[in-house]
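Spelled out, the chains give:
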Amino acid sequence: MTAFTLGPLSLPPAHLYAASAAVALLALGHLVRLPPPRRRLWLTGALLGALLGARLADIALHGEAYREAPLEAVMRWQSGYHPLGALLGAGAWTLGCLRRLPPRYLTRASGVLATCAALWWGLNAWHPLAGEPPPSHLPPLSLNALDGDAVSLETLSTSSPLIVVLWRSDCHACRQALARVNAVADQVRVITVNEGQSLLQAARFLDAQDMGFAHNLQDPEQRLQAYFGMPDLPLTVYLDAHGRLRNIRSGPLATATLEAWLAASP
């Protein structure tokens, strides 16, 4: 599973694991035995410090990608958050907030933070919401290109790495994903597959954006989307030179994610 869907809301498992750690912090906060006003202040600051620290740590780890797309560093939908950064951020706030109190409060708070950080790390390592693994290859489907020619997906997924993006023009995150893969289209082959829209809708959007991809295909019956079992778009798939699926991302796509995929490519 790359995203958990509840009605119109879609969250990747990594966000749910982070939310679980935040709930654990709120639940365990009483163990520090702070007076209620000070406890509320500490918990609020610790959560904000963890969020900021986790984001800054991810930005530091992917500095080159964020230098190329600096605005992505402040986009709330980005999935890059690092547990160690969260622990450092929450720890810094805790030290400042409790430094004037007896040492026992700082010791208890540190234990609670370490427990929550370990929970987050453990969930990411165990990945209980992973579900069934995605298919390892593209299916033996033939889809029509926007120019009307039939194209076999199997023949496209050989000889060199490939990025496939499933999208719709009325999906904001899809438009962002297309812009990001367009920026790396000179480094890797990119195929776009429009899901469930008419030829006119897909062609108008791509023409207006002046995006040049290796192939732009149509999937009006959404067969490829059903094959991957993903209810939400965009869906971005990265395959190696042998046509094997290496990475898959449902929902918003970050430049840092693309750069990591390409850097890991043999």
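Data block above holds the structure.
Residues numbered from 1 in each chain as written. Predicted model: local features only at pLDDT ≥ 70, side-chain atom pairs only at ≥ 80, totals over all residues. Heavy atoms only, no water.

Draft legend 1. Expanded view of the packing of aromatic side chains. Counted under the stated rule, the structure contains 3 aromatic pairs. An angle of 40 degrees between the planes, with centres 5.4 Å apart, marks the rings of Trp167 and Phe205 as tilted. Of this pair, Trp167 sits in strand β5 (residues 162-167) while Phe205 sits in helix α8 (residues 199-209), and the two are 38 residues apart along the sequence. Each member of the pair Trp167 and Phe205 is classed as buried. The interplanar angle of 80 degrees and the centroid separation of 5.2 Å between the aromatic rings of Tyr227 and Phe228 together place this pair among those described as edge-to-face. Of the residues examined, Phe228 reaches a relative accessible area of 6% and is grouped as buried. Against the face of Tyr81 rests Arg55, its NZ or CZ located 5.5 Å from the ring centre. Above the plane of the ring of Tyr105 lies Arg108, whose end atom (NZ or CZ) is 5.6 Å from the centre. (Phe/Tyr/Trp six-rings, centres within 6.5 Å; stacked < 30°, edge-to-face > 60°. Helix = DSSP H or I, 4+ residues; strand = E, 2+ residues; numbered from the N terminus. Buried < 20%, exposed > 50% of the residue type's maximum accessible area, 1.4 Å probe, protein only. Lys NZ or Arg CZ within 6 Å of the ring centre and 35° of its normal.)

Draft legend 2. Representation of the pairing of strand β9 (residues 245-250) in the model. Pairing geometry for strand β8 (residues 235-239) and β9, over 5 bridges, is antiparallel. Paired with Tyr238 across the strands is Asn247, a residue of β9. Count of turn residues in the β8/β9 antiparallel hairpin: 5 residues, of which Gly243 carries a positive phi of about 80 degrees. (Pairing = 2+ DSSP bridges.)

Draft legend 3. Broad picture of the state of the cysteines. Considering all chains together, one arrives at 1 disulfide under this definition. Covalently, Cys171 is tied to Cys174 through a disulfide, its sulfur atoms 2.5 Å apart. In this structure the cystine formed by Cys171 and Cys174 twists about its S-S bond by roughly 80 degrees; its chirality is therefore right-handed. For Cys171, a relative accessible area of 14% gives the class buried. Left without a disulfide partner, Cys97 is nearest to the cysteine sulfur of Cys116, which lies 16 Å away. What makes Cys116 buried here is its relative accessible area of 7%. (Disulfide = S-S within 2.5 Å.)

Draft legend 4. Looking closely at the side chain of Thr94. Assignment of secondary structure puts Thr94 in helix α4 (residues 83-98). A distance of 2.8 Å separates a polar side-chain atom of Thr94 from the backbone oxygen of Ala90. Discounting chain neighbours no more than four positions away, the residues touching Thr94 are Trp42, Arg99, Leu106, Ala109 and Leu113. (Polar contact = N/O pair within 3.5 Å; in protein donor to acceptor, adjacent residues only side chain to side chain. Contact = heavy atoms within 4.5 Å.)

Draft legend 5. Region of interest: α8. Taken together, the buried positions of α8 are Ala202, Phe205 and Leu206. Take α8 and look down its axis: the buried residues cluster within an arc of 90 degrees, on one side only. Relative to its buried face, α8 has exposed residues pointing more than 90 degrees away, namely Arg204, Asp207 and Ala208. On the buried face of α8, the contacting elements are β5, α7 (172-183), β6 (189-195) and β7 (215-219). (Arc of directions from axis to C-beta.)

Draft legend 6. Representation of the pattern of salt bridges within the structure. Applying the stated rule across the entire model yields 5 salt bridges. With a shortest N-O distance of 3.4 Å, Arg55 and Asp58 are connected by a salt bridge. Here Arg55 pairs with Asp58, and both are found in helix α2 (residues 36-61), just 3 residues apart, close to one helical turn. The same class applies to Arg55 as to Asp58, namely buried. The residue Arg246 makes a salt bridge to Asp240 at a minimum N-O spacing of 2.9 Å. For Asp240, a relative accessible area of 6% gives the class buried. (Salt bridge = Lys/Arg side-chain N within 4 Å of Asp/Glu carboxyl O.)

Draft legend 7. Quick peek at the pairing of β5. With 6 of its 6 residues buried, β5 lies for the most part within the structure. A crossover connection joins β5 to the parallel β6 through α7; in handedness this β-α-β unit is right-handed. Sheet analysis places β5 next to β8, joined by 5 bridges and oriented antiparallel. Residue pairing across strands places Leu162 opposite Leu239, the latter belonging to β8. (Right-handed = clockwise from strand over helix to strand, strands pointing away.)

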